[in-house]
Amino acid sequence: MSENNTLNTITTRLADTLNNIKLLEQKHQRADNTVKLMAVSKTKPVSDIIDAYQSGHRLFGENYVQELAQKATELANYQNIEWHYIGPIQSNKTALIAQHAHWVDSLDRIKIAKRLQQHCLEMDKRLQILVQVNISQRPEKSGILLNDVEDFVKELNQFDRLQFRGLMAIPHQYSDLNQLEKEFSALNHCFLSLQAQYPQVDTLSIGMSQDIESAIKCGSTMVRVGTAIFGQREAK
Ligand SMILES: *Cc1c(COP(=O)(O)O)cnc(C)c1O
């Protein structure tokens, strides 16, 4: 395929995804433009990100630290890209994350927050933060439990370089939509209560290609879509 074809494919898929979000906002009585789209570009080449950028997209998510660092460096001249780090966080990678991300959407340990705060002081920058919640309460999933969110956020607020913006979750892959939506709704309830306490809280990141409708129905303000925009990923 020529480069033009690739560009057309990504442009078309991006437009289709945005249109789908708009339809779902209407279907579930959400106000227009309340659900943002994060394009998850992990494992995809920089040229794919440039295609999306040239179609007007600016919000990208990566979940491998090394890859984020490399892509953010290569794309340094592309203005106003908003990089979200959405992967698991190891202590020895926090400096790279702080250096390259604008948002960290997968924070679930105060120890990591402390390190990010320190790097931000050294680099004189701020990070936008989402706290990851393990809504399905499976031991293999990252995130804190819903019951611990209030206390976690109170602790987080001691770090002045970390701006707490909301919650993120990756649910278990349920075949039962009722169970999924029950968990999403409980998370949304917690999100709304935080929003009432902290005026800067504006982001509930739930919804991926498979569960986008349930997420929008249950209050998502940011969906994370990879495959539907960039196509299938190679196994990594
Ligand atoms: C990969 C990934 C996505 C996107 O998944 P798709 O199924 O490709 O849409 C969303 N969120 C996170 C945290 C991911 O790692």
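This text goes with the structure placed above it.
Residues numbered from 1 in each chain as written. Predicted model: local features only at pLDDT ≥ 70, side-chain atom pairs only at ≥ 80, totals over all residues. Heavy atoms only, no water.

**Student:** Explain the overall build of the protein here, please?
**Tutor:** Along the protein, the regular secondary structure elements total nine helices and eight strands. Its C-alpha radius of gyration of 17 Å places the protein within 12% of the 18 Å reference for a compact globule of 236 residues. Dimensions of the protein, computed from C-alpha atoms along their principal axes, come out at roughly 50 × 45 × 35 Å. Put simply, the protein has 236 residues, and 51% of those count as buried. A sequence separation of at least 24 residues applies to 60% of the contacts in the protein between residues at least 6 apart. For the protein, the exposed area adds up to about 11800 Å²; of that, 46% sits on carbon and sulfur atoms. Charge centroids of the protein, computed over 26 positive and 27 negative side chains, lie 2 Å from each other. (Helix = DSSP H or I, 4+ residues; strand = E, 2+ residues; numbered from the N terminus. Rg over C-alpha atoms; globule rule 2.2 N^0.38 Å. Buried < 20%, exposed > 50% of the residue type's maximum accessible area, 1.4 Å probe, protein only. Contact = heavy atoms within 4.5 Å. Areas by Shrake-Rupley, 256 points an atom, 1.4 Å probe, with all protein chains shown as cover. Lys, Arg positive; Asp, Glu negative; His and termini not counted. Charge placed at Lys NZ, Arg CZ, Asp CG, Glu CD.)

**Student:** Sorry, what's going on with the site of the ligand here?
**Tutor:** As a matter of local geometry, the ligand sits amid Val40, Lys42, Asn63, Ile86, Ile170, Met208, Ser209, Arg224, Val225, Gly226, Thr227 and Arg233. Relative to its unbound accessible area of 390 Å², the ligand is 90% covered by the protein chains. Class assignment of the residues belonging to the shell around the ligand gives a composition of five nonpolar, four polar and three charged. (Near = heavy atom within 4 Å. Nonpolar A, V, L, I, M, F, W, Y, C, P; charged D, E, K, R; others polar.)

**Student:** What is the right way to read the pairing of strand S6 (residues 162–169) from this model?
**Tutor:** Residues in a regular strand project their side chains so that they alternate between the two faces of the sheet. Along S6, seven of the eight residues are buried, which leaves the element largely enclosed by surrounding structure. Bridge analysis of strand S5 (residues 127–133) against S6 gives seven bridges, and the strand direction is parallel. Among the inter-strand pairings, Gln128 is bridged to a residue of S6, identified as Gln163. Taking the sense of rotation as the criterion, the β-α-β connection linking S5, helix H6 (residues 149–156) and S6 turns out right-handed. Between the parallel pair S6 and strand S7 (residues 203–205), the chain is carried across by helix H7 (residues 177–197), and the sense of this crossover is right-handed. (Pairing = 2+ DSSP bridges. Right-handed = clockwise from strand over helix to strand, strands pointing away.)

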